[in-house]
Amino acid sequence: MPQTDPAPLASAAESASDTVFFGIMNGLEAQRFVPGQRLVEADLAAQFGVGRNSVREALQRLAAEGIVELLRHRGAAIRSLSLQETLDVLDVAERMNGLLARTAARAVAGGHPALAVTRSLQQLRAADRAKDAEAFGRARRGFYRALLETSGSRELRRLFPSIHVPIVHAQQRLASLQKLRLRDYRAIGQAVAQGEEDAADEAGMAHVGHVREGILGQVGAGDPATACLGAVHAGG
């Protein structure tokens, strides 16, 4: 699913600001950072081995992408989402995920190789068999990069990372999410690799629908993992 599902990865030549930016983004997925958490400049500078100016730059970038809130006189905090905000994010992600899969399938039907997509599926299966959560996270991001690259759409590459799915997943922690992802990604990848636009679109949208069902199921069951859904941000 879209940053919405794909979290960006740092390049080999990352700057000090990149180190903090990608460290927080990847840390959200690994639960080293959580929605509502206060972010203290001095602590981040020590954690990532960078100067405070680099931390401030990274926080500004994260705020621009909606991941961090800059609170007047209170510093910064990882954004939290209310239930309605979560559902709004998923509504956008559902359409975007379907469009991404459809566009990639159309490119394959037009002659673009699907090798990157099929390889990323192999990496997902290998990580799942190894029960390696971090490797699965890397493979998941690789899957979305492969779809974006295969699609050839500059607009999708620009818009996709702006969807706030990373916060949704960090806040919800669905117990069955990895198995759900693997099943749904296989359906998306197979449809894309076969150049089947309608099937790819349907599979892409269905994945987000499955995530929505899981979240609403937890809310209905009173799962503690959803207890923070009523707060818009830390202390709010």
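Rules behind the numbers
- Residues numbered from 1 in each chain as written.
- Predicted model: local features only at pLDDT ≥ 70, side-chain atom pairs only at ≥ 80, totals over all residues.
- Heavy atoms only, no water.
- pLDDT = per-residue confidence, 0-100.
- Helix = DSSP H or I, 4+ residues; strand = E, 2+ residues; numbered from the N terminus.
- Contact = heavy atoms within 4.5 Å.
- Buried < 20%, exposed > 50% of the residue type's maximum accessible area, 1.4 Å probe, protein only.
- Salt bridge = Lys/Arg side-chain N within 4 Å of Asp/Glu carboxyl O.
- Phe/Tyr/Trp six-rings, centres within 6.5 Å; stacked < 30°, edge-to-face > 60°.
- Pairing = 2+ DSSP bridges.

**Here we look at the confidence of the model for the chain**
- Across the chain, the average pLDDT comes to 85, with 87% of residues at 70 or higher.
- The least confident element of the chain is helix H8 (residues 165-172), whose mean pLDDT is 82; the most confident is helix H4 (residues 83-109), at 96.
- pLDDT under 50 marks residues 3-13. Its contacts with residues more than four places away, or in other chains, come to 36 contacts.
- Across residues 224-236, confidence stays below pLDDT 50; counting only partners more than four residues off in sequence or on other chains, it has 30 contacts.

**Concerning unusual backbone geometry**
- Positive phi, normally seen in glycine, also occurs at lysine 131, with a value near 55 degrees.
- Following the sequence through the fold, lysine 131 ends up in the loop between helix H5 (115-129) and helix H6 (133-151).
- For lysine 131, a relative accessible area of 73% translates into the label exposed.

**Examining the pattern of salt bridges**
- Taken as a whole and assessed by the stated rule, the structure comprises 13 salt bridges.
- Arginine 102 is the partner of aspartate 198 in a salt bridge, and the nearest nitrogen-oxygen pair spans 2.8 Å. A residue pair is termed long-range when its members are at least 10 positions apart, and aspartate 198 in helix H10 (residues 197-221) and arginine 102 in helix H4 qualify at 96 residues.
- Between arginine 158 and glutamate 155 there is a salt bridge, with the nearest N and O atoms lying 2.6 Å from each other. In this pair, arginine 158 and glutamate 155 are both assigned in helix H7 (residues 154-159), three residues apart and thus about one turn of the helix distant.
- For glutamate 155, a relative accessible area of 45% puts it in the partly exposed group.
- Salt bridges linked by common partners bring Arg102, Arg106, Glu197, Asp198 and Asp201 together as one network.

**A closer look at the packing of aromatic side chains**
- Under the defined criterion, the tally for this structure stands at five aromatic pairs.
- Ring geometry for phenylalanine 143 and tyrosine 144: centres 5.6 Å apart, planes at 80 degrees, overall edge-to-face. An identical accessibility class is assigned to phenylalanine 143 and tyrosine 144; each is buried.
- Measuring from centroid to centroid gives 4.8 Å for phenylalanine 143 and tyrosine 185, while their planes differ by 25 degrees, and the two rings are stacked. Here the residue phenylalanine 143 occupies a position in helix H6, and tyrosine 185 occupies one in helix H9 (residues 177-193), the gap between them amounting to 42 residues. Tyrosine 185 matches phenylalanine 143 in its accessibility class, with the two residues each being buried.
- Among the aromatic residues, ring-to-ring pairing joins Phe143, Tyr144, Phe160 and Tyr185 into one connected group.

**Comments concerning the sheet that holds strand E2 (residues 68-71)**
- Sheet architecture is open: three strands sit in the order E1-E3-E2, paired in antiparallel fashion. A single partner strand is all that each edge strand has here, and the edge strands are strand E1 (38-39) and E2.
- Sheet analysis places E1 next to strand E3 (residues 75-78), joined by two bridges and oriented antiparallel. Residue pairing across strands places leucine 39 opposite alanine 76, the latter belonging to E3.

**Some details on the environment of valine 20**
- Position of valine 20 relative to the elements: it lies in helix H1 (residues 16-29).
- For the pair valine 20 and leucine 62, spaced 42 residues apart in sequence, the C-alpha to C-alpha distance is 9.8 Å.
- The contact partners of valine 20, leaving out residues within four places of it in the chain, are Phe48, Val50, Val55 and Ala58.

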